[in-house]
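# Structure assessment
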Amino acid sequence: MSRYNAAEVEPKWQAAWDAAHAFEVDGKSGKPKYYALEMFPYPSGNIHMGHVRNYAMGDVIARYKRACGFEVLHPMGWDAFGMPAENAAIEKSVHPKGWTYANIDAMRAPLKRLGFALDWSREFATCDEAYYKQQQAIFLAFWDKGLVYRKTAKVNWDPVDMTVLANEQVIDGKGWRSGAEVETRELDQWFFKITHYADELHYALDDLERWPEKVRTMQRNWIGRSEGAQFKFTFDGTAPEGFEEIEVYTTRPDTLFGASFVAMAYDHPLIKSLNAESAPLQELAKTCMAMGSTAEAIEKAEKLGVDTGLRVQHPFDPGKTLPVYAANFVLMGYGTGAVFGCPAHDQRDLDFARKYKLDVTPVVLPKGEDANTYKIEDTAYTGEGVLFGSGFLDGMSKVAGIVAAIAKLEELGIGTKQVTYRLRDWGVSRQRYWGCPIPIIHCDACGAVPVPTKDLPVSLPEDVKFDGLGNPLERHATWKNTPCPKCAKLARRETDTLDTFADSSWYFARFAGGQGNGQPDDRPFDKEEASAWLPVDQYIGGVEHAVLHLLYARFFTRGLRDCGLLDLPSGEPFDGLFTQGMVTHASFKTEDGAWVIPADVDEKDGKFFELGTGKSVTKGAVEKMSKSKKNVVDPADIIEGYGADVARWFVLSDSPPERDVEWTEAGAIGAWRFASKIWATVAETDASDFNPLDTPQDADGEALALRKLVHKALVKVTEGIDEFRFNTSVAQIYELTNALKKYKANDASKIEGLGVLVRMIAPFMPHLAEECWAYLGGIGFVCDAPWPKAEAALLVDDQITIPVQVNGKRRTELVVSKSTPKDELEKLALAEPLVSAHIEGKTIRKIIVVPGRIINIVAN
RNA sequence: GCGGGCGUGGUGGAAUUGGUAGACACGCAAGACUUAAAAUCUUGUUCCUGUAUAGGAGUGCCGGUUCAAUUCCGGCCGCCCGCACCA
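Let me sum up the structure you'll find in this document. (Residues numbered from 1 in each chain as written. Chains lettered and ligands numbered in written order. Predicted model: local features only at pLDDT ≥ 70, side-chain atom pairs only at ≥ 80, totals over all residues. Heavy atoms only, no water.)

With that settled, the discussion passes to the pattern of salt bridges. If charged atoms from side chains of opposite charge come close, those side chains can pair. What the rule picks out here adds up to 42 salt bridges. For the salt bridge of Arg 108 with Asp 105, the shortest nitrogen-to-oxygen distance reads 2.9 Å. Of the two residues, Arg 108 and Asp 105 both sit in helix α4 (residues 96-113), three residues apart, roughly one turn of that helix. Taking the relative accessible area as the measure of exposure, Asp 105 reaches 46% and is therefore partly exposed. (Salt bridge = Lys/Arg side-chain N within 4 Å of Asp/Glu carboxyl O. Helix = DSSP H or I, 4+ residues; strand = E, 2+ residues; numbered from the N terminus. Buried < 20%, exposed > 50% of the residue type's maximum accessible area, 1.4 Å probe, protein only.)

Below is the structure:
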């Protein structure tokens, strides 16, 4: 028996799969389709453990579904545009294109070495001219459909990356990539009209049953749909010039009788028009802008406002007028930029009212309170209750009040029911070189003119200089200056490129819509093929994309659908979504704060020392592998040392897939030992007289017991994969392997068991599985072998063990025939010495017998 | 502040239409093999009761429902994630 040699075996099978084009599909097999996809990688140049885990999970699904009889599309490509390439260009004087493609080549090799069941024939990079040409075509299709527009907008400007960021890309007031404080600038920007689908994107979340609830909640919050009323206040006395009324938005029109002021954003046009003559207003504007997006805690602590001196008429109460304030807590970007304040039932309004000594009039009475004595102290009441002091609304519930108030506003002709969203249109202009050029030409005479389809692609010029100062395209005269397609006069190309999130918003359709190397060049993807494969049945990636990427992709597929490019009625690109946890690793630090590579740390008596220097080090947090913490484990080293199967097995063992998994050297060794054990178990068996696909008919005694174990394990392993709980499948595989190793007879039952084991490990450790399969005399590749089927008869036992409890405490157990009747079980239980000892001197009140489960004797 | 999730041995974790808590693995301990070590194999390993075919306690804490609660309900505590003046 030879020792298992992964370094030899793995490349052998990879070559065999390649030669057989084992994982290339054309959608014409007649089998049901299954589209398995992992979020494609950014070509940083290095494969890391996170990739291994992500793709290992996808590969388990792909190989398993394949074995279950599906034609599985499982493609791979590169999310290749983006700023790191430009940063590298600036720092190392290499061209982004050369840098990116070199990285792709550097990453493809280790990725292939992991032996994933991928259809590499469909590979592409988003920076391929063929790809971005089609992205430009999509841009123009969206333009024609009214899903693209241009406007001057206040934008989030990242001063480090020197580009605009979408709202989603600003995290705590800082750029999501650079971490720099984001500034506000006004620029001409391109937008995708994602708000056109706001309602659909919101409601369709309910049907995404195979998405994590967490992600759906995050998207729901992001879209921020709210129902309310929009209505007008008219001025009491003279109106400011140019304004007839103040339009406000509220979700609580039922509390209108409790209103004591109107508050407006500092940058509301009406307030702006008053600014010139009011120093306090200018001061407020200054304060608001300075606070910007950073110190939210401070903002929260202090409500600021300036009384404009204006007053408005209460719409329902002729005898009442309200003061108009400019206030720092009202946002121009939401609703109408103006609200009415009802301090009793909104905390912000209450804080404001207390500070500026405004009335606090409760109009919603909580259950159990008396209208005459009910007072609001320093907590606003936002719950249910009965309306009072509210004229025609008196006695109504909150919901009824809202409906009635809206009806009244409509009757008065001053307001309507209104749905408002937090979601903004997607700003896609980026002042960057390494991205998809926006196919527009600016002509002084004709305006923004789309580049004619026949002139696509608008290619990125290669002769550019990178000095870190803004967008090189802006300064490339021969590229930038070009004739207008309409009037032929000299015009200028749009120099902005598209946000790279556009690239990843439709790549899955391109994978699906062109077989072999033949992705079409005259359309983004073959409509029929893409429509047949989509939606992706199982999508796997990090939860960090819960809002950005996944929302943009949902928008794109709807746009593609409505442009007639894709037949996907639901508009949903991903039927099932799974967000996997990270790969973490221990980190170590010396006393002077320098991080130490874990491999250079030695442990003695619970203390840690750096090898070589002997310096004492402390164990830091177990956290995500990162270069700065020096706690990175390079998959290449693991593959070299233990093999791809071991790396794959490790990242799938122990931890549930959605949780983080801690990489440990001991665990890696454990996985390696297990792989060796499987090989040893198989290779010490003489399989020459049997076939792994045969089912023994006449097994009895130990052979029958083994068969039962095998088939029960099969059920559990299958469930584990189906339910994305690979760690439980792994545990079952361990257990089964141990049993098979112990079973020394060389008979049909053992070969059957080994055959089942090998097919079950195939999605996890495919190379080892092929080697074992070949040894056992299996026909063809194990990756083509059908998933084993459990025999129902073997899953039930005649003899079962039933625990016996006295007063809920387990005292003993009975081993009985499954068909033992209830009264017989009672008799047997009571006859047990350990039972009688505990019921002695007591009266039996009740005996509960749950067939096949438990017996509980209640006595006191 | 709002929303979501989680809390089980030394460690990762298993068990939920309520039914033997701790499967499986790591680690640790003892033993076998060996001149020795590594590898491998065997046994043990929640805690307490000096011994254990026995008893008691035990799934963050307090309480409830139930013959029976890791699982269901109520209230706390702690940790993680997301959103954050969204009217």
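Here four strands make up an open sheet; going across it, the order is β35-β34-β37-β36 and the pairing mixed. Unpaired on one side and paired on the other, β35 (809-817) and β36 (844-850) mark the two borders of the sheet. When strand polarity is set aside, the average angle formed by the axes of neighbouring strands in this sheet is 20°. Taken together, the three bridges between strand β34 (residues 799-806) and strand β37 (residues 854-859) define a ladder with parallel strand orientation. (Pairing = 2+ DSSP bridges. Axes fitted to C-alpha atoms, helices over the stretch in contact; angles between N-to-C directions.)

It is worth spelling out the protein's contact with RNA strand B at this point. Taken together, 48 residues lie around RNA strand B, and Thr 251, Lys 303, Arg 348, Arg 725 and Asn 856 are the ones closest in. At the protein interface, 60% of the atoms of RNA strand B within 4 Å belong to sugar or phosphate. Separating a phosphate oxygen of RNA strand B from a side-chain N or O atom of Arg 811 is a distance of 2.9 Å. If you tally residues by element for the surface near RNA strand B, the top one is helix α21 (residues 726-742), at seven residues. Residue composition of the surface near RNA strand B, by class: 15 nonpolar, 13 polar and 20 charged. (Near = heavy atom within 4 Å. Polar contact = N/O pair within 3.5 Å; in protein donor to acceptor, adjacent residues only side chain to side chain. Nonpolar A, V, L, I, M, F, W, Y, C, P; charged D, E, K, R; others polar.)

The periodicity of an α-helix, 3.6 residues per turn, causes residues three or four places apart in sequence to face the same way. The terminal C-alpha atoms of helix α5 (residues 129-144) lie 22 Å apart, and with 16 residues this matches the ideal 22 Å at 1.5 Å per residue to within 8%. If you check which residues of α5 are buried, you get Tyr 131, Tyr 132, Lys 133, Gln 134, Gln 135, Gln 136, Ile 138, Phe 139, Leu 140, Ala 141 and Phe 142. Of the residues trailing α5, Gly 146 is marked for its positive phi of about 80°. (Expected span 1.5 Å × (residues − 1).)

Turning our eyes to something else, we now look at the environment of Pro 269. Tracing the chain through its elements places Pro 269 in helix α8 (residues 269-275). Judged by relative accessible area, which is 42%, Pro 269 ranks as partly exposed. Note: C-alpha distance between Pro 269 and Val 164 (105 residues apart in sequence) is 24 Å. Residues contacting Pro 269, with those up to four places away along its chain left out, are Phe 243 and Met 332. (Contact = heavy atoms within 4.5 Å.)

At their nearest, the axes of helix α2 (residues 49-67) and helix α20 (residues 701-722) sit 10 Å apart, and the two run at 125° to each other. Classified by the interaxial angle, the pair formed by α2 and α20 is oblique. Crossing handedness for the pair α2 and α20: left-handed. Between α2 and α20, the residues in contact are Val 60, Ile 61, Tyr 64 and Lys 65 and Thr 718, Ile 721 and Asp 722, respectively. Class assignment of the residues belonging to the contact of α2 with α20 gives a composition of four nonpolar, one polar and two charged. (Parallel < 35°, antiparallel > 145°, perpendicular 65-115°, else oblique. Left-handed = near helix turned anticlockwise from the far one by under 90°.)

As a further point, take the sheet that holds strand β25 (residues 577-580). Strand order in the open sheet formed by four strands is β2-β1-β24-β25, and the pairing between neighbours is parallel. With partners counted over all chains shown, the strands left at the sheet margins are β2 (71-73) and β25, one partner each. For this sheet, the mean inter-axis angle between neighbouring strands, taken without regard to orientation, is 20°. Direction of pairing for strand β1 (residues 33-38) relative to strand β24 (residues 538-542): parallel, over a ladder of three bridges. Opposite Leu 37, over in β24, you have Tyr 539 as the bridge partner. Along the sheet face, α2 touches β1, β2, β24 and β25 and points at about 175° away from the line of β1.

Attention now goes to the packing of aromatic side chains. Applying the stated criterion across every chain yields a total of 56 aromatic pairs. Look at Tyr 325 and Tyr 356: their rings are 5.8 Å apart centre to centre, the planes differ by 50°, and that puts the pair in the tilted class. Linking Tyr 325 in strand β12 (residues 321-327) with Tyr 356 in helix α11 (residues 347-356), this pair joins segments that are 31 residues apart in sequence. By relative accessible area, which is 7% here, Tyr 325 ends up buried. When the centroid spacing of 5.7 Å and the interplanar angle of 70° are considered together, the rings of Tyr 507 and Phe 508 count as edge-to-face. The exposure class of Phe 508 is buried, given its relative accessible area of 0%. An aromatic cluster is present here, built from Phe 139, Phe 142, Trp 143, Trp 190, Phe 192, Tyr 197, Trp 426, Phe 501, Tyr 552, Phe 555 and Phe 556 joined pairwise through their rings. (Phe/Tyr/Trp six-rings, centres within 6.5 Å; stacked < 30°, edge-to-face > 60°.)

So, about the nonpolar core. Among the nonpolar cores identified, the biggest contains 178 residues, and Tyr 35, Phe 192, Trp 426, Tyr 507, Phe 508, Trp 663 and Phe 764 are the most heavily contacted of them. For this core, the element with the highest residue contribution is α2, accounting for ten residues. Ranked by size, the runner-up nonpolar core spans 38 residues in total, among them Val 262, Ala 285, Ala 326 and Val 363. (Core = buried A, V, L, I, M, F, W, Y, C linked by side-chain atoms within 4.5 Å.)

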